[in-house]
Amino acid sequence: MGRAALFQMTSGISPQDNAAALVSAIGAAKSAGAAMLFTPEMSGLIDRKRERAAPNIVPESEDRVLAAVREAAAREGIWVHLGSLAVRPPASQHDARFANRAFVIDDTGEVRARYDKIHMFDVDLATGETWRESNAYAPGDRVVTIETPLGLLGLAICYDIRFPALFEALGRARCDLIAAPAAFTVPTGTAHWHLMQRARAVEASAFVLSAAQVGRHEDGRETYGHSLAVDPWGEILLDLGGERAGLGFVEIDPARIAEVRAQLPSLANRRDIAK
């Protein structure tokens, strides 16, 4: 049994302010007995004005938010899943687009895993919202898992939740929990957020922990919130709502994973389907 903390944020256009909020949450999570803190997609910066945002998107080695989180994790002695940061690639890399990158940081401040979002949010919504994430961000191409104090953790980010093949791979890896940090739009969140989180938990027979952005941001966008923890049976254990930022806590019980997989061994029963 281990305690996880989910941090629901309203990230803004100042990396310094966002870093301060993250550091405060790390301290509060540790004080409340959490073994690991989970934060949303784009924890370090939300700014859709590219000319203003660009100077704040730097190589990983220069990122002040990442440095502050690593230092706080080491000081407090807690693991952190930093949901994602916008990271500039090395100058030598052929594709000059940014990476939307998640980090798993251990209780000594070391980066233990990195995951680049695979599926880009390129959509035209009926509300008039248009997003072309692939214009600015290069997709990742690697499934990532990492052992943590809470069990084997699989990594996903936001729009990835709509693509079952990634979660099938994480299920085959026998992940105990999957992180799906997000900055979901309100229309898509209202329609699909809870449904997809629960479905992915059931498919993988794993806990799904999804820290989310919430509310009206400085750049004018609005995000859905409802940071969720879902158990392997699809039951919602925690929902932080759609109104405000804050911390929530959930107990991760490995016995629940074993219980569900014994009752409904879908991972063992899965067959390859001929094409």
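An account of the accompanying structure is given in this report.

Rules of the game
- Residues numbered from 1 in each chain as written.
- Predicted model: local features only at pLDDT ≥ 70, side-chain atom pairs only at ≥ 80, totals over all residues.
- Heavy atoms only, no water.
- Buried < 20%, exposed > 50% of the residue type's maximum accessible area, 1.4 Å probe, protein only.
- Helix = DSSP H or I, 4+ residues; strand = E, 2+ residues; numbered from the N terminus.
- Pairing = 2+ DSSP bridges.
- Salt bridge = Lys/Arg side-chain N within 4 Å of Asp/Glu carboxyl O.
- Core = buried A, V, L, I, M, F, W, Y, C linked by side-chain atoms within 4.5 Å.
- Contact = heavy atoms within 4.5 Å.
- Axes fitted to C-alpha atoms, helices over the stretch in contact; angles between N-to-C directions.
- Left-handed = near helix turned anticlockwise from the far one by under 90°.
- Nonpolar A, V, L, I, M, F, W, Y, C, P; charged D, E, K, R; others polar.
- Arc of directions from axis to C-beta.
- Polar contact = N/O pair within 3.5 Å; in protein donor to acceptor, adjacent residues only side chain to side chain.

**Regarding the pairing of strand 4 (residues 99-105)**
Counting buried residues along strand 4, seven of its seven residues qualify, which places the element largely inside the surrounding structure. Bridge count between strand 4 and strand 5 (residues 111-116): five bridges; the pairing is antiparallel. Among the inter-strand pairings, Val104 is bridged to a residue of strand 5, identified as Ala113. Two successive antiparallel strands, strand 4 and strand 5, enclose a turn made up of five residues, where Gly109 displays a positive phi of approximately 90°.

**Overview of the pattern of salt bridges**
Once their charged atoms are close, side chains differing in charge can pair, the charge on each being opposite to the other. Inspection of the entire model under this criterion finds 17 salt bridges. Glu110 is the salt-bridge partner of Arg70, the closest N and O atoms lying 3.8 Å from each other. Here Arg70 is found in helix 3 (residues 64-76), whereas its partner Glu110 is found in the loop between strand 4 and strand 5, with 40 residues between them in sequence. Since its relative accessible area comes to 30%, Arg70 is described here as partly exposed. By relative accessible area, Glu110 is classed as partly exposed at 43%.

**Focus: the nonpolar core**
Counting 47 residues, the largest nonpolar core has Phe38, Val104, Leu153, Phe184 and Leu209 as its most contacted members. Counting residues per element, this core draws most heavily on helix 6 (residues 186-204), which supplies four residues. Among all residues touching Phe38, those that are not within four sequence positions of it are Ala4, Ala5, Leu6, Phe7, His81, Leu150, Leu153, Leu177, Ala179, Leu209 and Ala211. Counting 24 residues, the second largest nonpolar core, distinct from the first, contains Met9, Ala19, Ala68 and Ile105.

**Focus: the packing of helix 5 (residues 164-172) against helix 6**
Look at helix 5 against helix 6: their axes get within 9 Å of each other, and the N-to-C directions meet at 35°. Read as a crossing pair, helix 5 and helix 6 show a hand that is right-handed. Counted together, Pro164, Phe167 and Gly171 of helix 5 and Arg200, Glu203 and Ala204 of helix 6 form the full contact between these two elements. Of the residues assigned to the contact of helix 5 with helix 6, the class counts are three nonpolar, one polar and two charged.

**Structural notes on unusual backbone geometry**
Backbone geometry at Cys158 places phi at a positive 45°, although glycine is not the residue there. Mapped onto the elements, Cys158 comes out in the loop between strand 9 (151-155) and helix 5. Owing to a relative accessible area of 9%, Cys158 belongs among the buried residues under this scheme. At His226, a residue that is not glycine, the phi angle is positive and equals roughly 60°. Within the fold, His226 resides in the loop between strand 13 (222-224) and strand 14 (228-230). Note on His226: relative accessible area 17%, which makes it buried.

**Some thoughts on helix 7 (residues 254-263)**
Listing the buried residues of helix 7 in full gives Arg256, Ile257, Val260 and Arg261. Seen from one end, helix 7 has its buried residues packed into an arc of 125°, which puts them on one side. Next to the buried residues of helix 7 lie helix 6, strand 11 (207-210) and helix 8 (266-269). Where helix 7 begins, the capping side chain belongs to Asp253, and its oxygen is found 3.0 Å from the backbone nitrogen of Ala255.

**Let's talk about the side chain of Asp219**
Following the sequence through the fold, Asp219 ends up in the loop between strand 12 (214-216) and strand 13. By relative accessible area, Asp219 is classed as buried at 10%. At 2.9 Å, the side chain of Asp219 and the backbone nitrogen of Arg48 are in polar contact. Those residues in contact with Asp219, other than ones at most four positions away along the chain, are Ile13, Ile46, Asp47, Arg48 and Arg52.

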